[in-house]
Amino acid sequence: MKKKILFILHLPPPVHGSSMVGKYIKDSSIINEAIDSKYINLGTSRSMDEIGKNSFQKIGLYLKIVFQTLKQLMFFKPDLVYIAFTAKGQAFYKDSFIVLLAKIFGKKIVYHLHNRSMAERQDKWLDVAMCKMLFKNTDVILLSKYLYPEIQKYVPENRVHYCPNGVQPLSGQISTRKKENSQEVQVLFLSNLMKAKGVFVLLEACKILQEKRLLFYCTFIGGESDITSEMFQKKVNELGLSETVHYAGKKYGAEKEQAFSEADIFAFPTLNETFGLVNLEAMQFSLPIVSTLEGGIPDVIEDGKTGFLVEKGNAEALAEKLEKLIIDAALRLEFGQRGKKRYEEKFTLKAFENCLIVILNKLIK
Ligand SMILES: CC(=O)N[C@H]1[C@@H](OP(=O)(O)OP(=O)(O)OC[C@H]2O[C@@H](n3ccc(=O)[nH]c3=O)[C@H](O)[C@@H]2O)O[C@H](CO)[C@@H](O)[C@@H]1O
Ligand SMILES: O=P([O-])([O-])O[C@@H]1[C@@H](O)[C@H](O)[C@@H](O)[C@H](O)[C@@H]1O
C-alpha cells in the first residue's frame, strides 16, 4: 500500500515562488504516482497586494484551512505532514497553529522553507520558544546549503535535506530572439514589484548608466506589491529616467516568455532571497544575469561565468556589472549559453521532482 502524505502548501493565485513550487508538486506525476497525496492550499491571499493585510475573507479562508487540516488528520491519517511554512510576519502564527494541530495528532512533520525570515524572529522570547517547539523532532527541506545557519539553532544537520528548485520547461510557443540589428541593449527585471527585490536599487543603477550615456532600456515586469505603479513612476520621474525605464505590469505564460525572449540581460538585485526562480527562468532563455550575493543565489549563478553577483543594495556595483554586459555582446552570449547549460544540467523541473521524491521516500520509509 502507498504511504500517505498531507501536503499543506501555497497554490496560485497569486503567482509567487512558493505557490509555483506548490503547483509543481501538486501537478507532479512522479510524486503522485509514488505517494497517496492530499493537498491543502495554505494561502489566504488571492492577489499579491493582499499579502500581509487582514480581511474578513482571509479569516474565513483560514478557518477553512484549519477545518480541512483537522479533517485530513482525522480521516486521511497521513504518514507525513509536509508544510510550506512561512516564518514571515503574521503568517508565522497562522502557519504555527496548523503545525500545532499536526503535532497534537502525533504526526511526523517536514517543513519546506521558501522564505528567509527566521532571523526576524530571534528578538522576542515568545517567537524563540515557539520556534523551539515547532522545529523539535522535525525535518526541514532547504533550497540551499547557504540557508542552514538560519535554522542551525533549532535543527540538527542530520534532519536537514537539500533540494534546489527547478522550473517547468518552456511552452515552445515563443520563437527565437530577434533584435540582432538593435543597438539598444534590453535589460529586464521580472519579479513581483517589491522593495525587497531591489527595484529601487536597480533604478538607481539605471540612473548611473544613463549618466554614462550607455545605450540601454530597462523593462520592469511584476505584480504590484509594496511598490505600486504610481510609486514606481514617481521614482522614475524623480530620477529623470522616463526615457530609459518602463513598468510593463505583471505577465504570465506566453507573455512572460515573450518578455524574456526579447531581453539581452536579466537584472535581479534582490535584497532578500532564498533561491529566486526568476534567475532560473532567465537562464532558460540564455540570458546573462546580474544578481546579488544573497541566500542560495550563489548556488545558481556562477559569478563571472553565467552572470555577476554583487553586494546587495549597492547601486554602483550593480551599474558597473550591468555596464560590462551592456558594452560586450560576446560576453552576454558566452554567459547566457553557459547559464542555459547549467539550467539543463541542474535546475529542470524533473531534477527538482526527483530530488524531492527521494527526500519524501526517505522520510516515510
Ligand atoms: C524572498 C524569498 O525568499 N523568495 C522565495 C520565494 O519566491 P518569490 O515569489 O519571492 O520569488 P521567485 O522569483 O522564486 O518566484 C516568483 C515567481 O513568480 C513569477 N512571476 C512574477 C511576476 C510576474 O509578473 N509574473 C510571474 O510569472 C516568476 O516568474 C516566478 O516564477 O519562494 C521561491 C520558491 O522557493 C524562492 O525561489 C524565492 O527565493
Ligand atoms: O497571505 P497568505 O496567502 O495566507 O500567505 C502568504 C504566502 O502566500 C506568501 O508566500 C508568504 O510570502 C507570505 O508571508 C504569506 O505566508
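Residues numbered from 1 in each chain as written. Chains lettered and ligands numbered in written order. Predicted model: local features only at pLDDT ≥ 70, side-chain atom pairs only at ≥ 80, totals over all residues. Heavy atoms only, no water.

1. Re the overall build of the protein chain
Thinking step 1. Looking only at helices and strands, the protein chain features 13 helices and 12 strands.
Thinking step 2. Computed over its C-alpha atoms, the radius of gyration of the protein chain comes to 21 Å, within 12% of the 21 Å expected for a compact globule of 365 residues.
Thinking step 3. Dimensions along the principal axes, computed over C-alpha positions, put the protein chain at roughly 65 × 40 × 35 Å.
Thinking step 4. Per-residue burial for the protein chain yields a buried fraction of 55% across its 365 residues.
Thinking step 5. Nonlocal contacts in the protein chain, meaning residues at least 24 apart in sequence, comprise 73% of its contacts between residues at least 6 apart.
Thinking step 6. Looking at the protein chain as shown, the accessible area adds up to about 16700 Å², and 54% of this sits on carbon and sulfur atoms.
Thinking step 7. With 51 positive and 41 negative side-chain charges, the protein chain shows a separation of 8 Å between the mean positions of the two kinds. (Helix = DSSP H or I, 4+ residues; strand = E, 2+ residues; numbered from the N terminus. Rg over C-alpha atoms; globule rule 2.2 N^0.38 Å. Buried < 20%, exposed > 50% of the residue type's maximum accessible area, 1.4 Å probe, protein only. Contact = heavy atoms within 4.5 Å. Areas by Shrake-Rupley, 256 points an atom, 1.4 Å probe, with all protein chains shown as cover. Lys, Arg positive; Asp, Glu negative; His and termini not counted. Charge placed at Lys NZ, Arg CZ, Asp CG, Glu CD.)

2. Things to note about the side chain of T244
Thinking step 1. Relative to the elements of secondary structure, T244 occurs in the loop between α7 (229–239) and β9 (245–247).
Thinking step 2. There is a polar contact of 2.3 Å between the side chain of T244 and the side chain of Q210.
Thinking step 3. Among all residues touching T244, those that are not within four sequence positions of it are Q210, F216, Y217 and C218. (Polar contact = N/O pair within 3.5 Å; in protein donor to acceptor, adjacent residues only side chain to side chain.)

3. Regarding the packing of aromatic side chains
Thinking step 1. Tallied over the entire structure, the rule returns 16 aromatic pairs.
Thinking step 2. With centroids separated by 5.9 Å and ring planes inclined at 20°, the aromatic side chains of F135 and Y154 adopt a geometry described as stacked. Taken together, the residues span a long stretch of sequence, with F135 in helix α5 (residues 125–135) and Y154 in the loop between β5 (139–142) and β6 (160–162) at a distance of 19 residues.
Thinking step 3. Owing to a relative accessible area of 11%, Y154 belongs among the buried residues under this scheme. (Phe/Tyr/Trp six-rings, centres within 6.5 Å; stacked < 30°, edge-to-face > 60°.)

4. What to know about the pattern of salt bridges
Thinking step 1. Here the structure, examined in full by the defined rule, presents 19 salt bridges.
Thinking step 2. E323 serves as the salt-bridge partner of K212, at 2.8 Å between the closest nitrogen and oxygen. Of this pair, K212 sits in the loop between α6 (199–211) and β8 (216–221) while E323 sits in helix α11 (residues 315–326), and the two are 111 residues apart along the sequence.
Thinking step 3. Where salt bridges share partners, they join R116, E150, E294 and K312 into one cluster. (Salt bridge = Lys/Arg side-chain N within 4 Å of Asp/Glu carboxyl O.)

5. Description of the site of ligand 1
Thinking step 1. What surrounds ligand 1 is a group of 28 residues, the closest being G17, H114, K197, K256 and E281.
Thinking step 2. The backbone of G17 places a nitrogen or oxygen atom 2.6 Å from an oxygen atom of ligand 1.
Thinking step 3. Between ligand 1 and the protein, one listed contact pairs a nitrogen atom with a backbone N or O atom of K251 at 2.8 Å.
Thinking step 4. In isolation ligand 1 offers 740 Å² of accessible surface; the protein chains occlude 95% of this area.
Thinking step 5. Elements that contribute at least two residues to the shell around ligand 1 include exactly α1 (17–26) and α9 (277–284).
Thinking step 6. If one sorts the elements of the shell around ligand 1 by residue count, α1 sits on top with 4 residues. (Near = heavy atom within 4 Å.)

6. A few points about the domain arrangement of the protein chain
Thinking step 1. Once the domains are mapped, the protein chain shows domain 1 (4–166 + 349–364) and domain 2 (185–346).
Thinking step 2. Between domain 1 and domain 2, the C-alpha centre-to-centre distance is 29 Å.
Thinking step 3. Counting from both sides, the interface comprises 19 residues of domain 1 and, opposite them, 16 residues of domain 2.
Thinking step 4. For the pair domain 1 and domain 2, the summed buried area comes to about 1500 Å², and 59% of that belongs to carbon and sulfur atoms.
Thinking step 5. When the buried surface of domain 1 facing domain 2 is broken down by residue, M48, R116 and N165 rank first, second and third, together holding 36% of it.
Thinking step 6. For the pair domain 1 and domain 2, the interface holds 2 salt bridges.
Thinking step 7. A salt bridge links E294 to R116; the shortest N-O distance between them is 3.0 Å.
Thinking step 8. Sort the elements by how many residues they give to the side of domain 1 that touches domain 2 and α1 lands first, with 3 residues.
Thinking step 9. When the residues that make up the side of domain 1 that touches domain 2 are grouped by side-chain class, the tally is 9 nonpolar, 7 polar and 3 charged. (Domains from an automatic or database assignment. Buried area = accessible area lost by both parts, 1.4 Å probe. Nonpolar A, V, L, I, M, F, W, Y, C, P; charged D, E, K, R; others polar.)

7. As for the sheet that holds strand β7 (residues 185–190)
Thinking step 1. Strands sit in the order β9-β8-β7-β10-β11-β12 across an open sheet of 6 strands; the sheet is parallel. Bordering the open sheet on either side are β9 and β12 (307–310), each of which pairs with just one other strand. Shown here is a sheet whose adjacent strand axes are inclined to one another by a mean of 20°, direction ignored.
Thinking step 2. Where β7 and β8 come together, 6 bridges link them in parallel fashion. Considered in β8, the bridge of L190 is made with I221. (Pairing = 2+ DSSP bridges. Axes fitted to C-alpha atoms, helices over the stretch in contact; angles between N-to-C directions.)

8. Brief notes about the packing of helix α4 (residues 91–104) against α5
Thinking step 1. α5 packs onto α4 with a crossing angle of 35° between their chain directions and a minimal axis gap of 11 Å. Crossing geometry of α4 relative to α5 is assigned as left-handed. Residue-level inspection shows F92, Y93, S96, V99, L100 and K103 of α4 in contact with α5, the latter providing D127, M130, C131, M133 and L134.
Thinking step 2. Across the contact of α4 with α5, the residue classes tally to 8 nonpolar, 1 polar and 2 charged. (Left-handed = near helix turned anticlockwise from the far one by under 90°.)

9. Here we look at the sheet that holds strand β4 (residues 109–112)
Thinking step 1. The strand order across the open sheet formed by 6 strands is β2-β1-β3-β4-β5-β6, and the pairing between neighbours is parallel. On the outer flanks of this sheet lie β2 (36–41) and β6, each paired with one strand and no other. For this sheet, the mean inter-axis angle between neighbouring strands, taken without regard to orientation, is 20°.
Thinking step 2. Pairing of strand β1 (residues 4–9) with β2 involves 6 bridges; the strand directions are parallel.

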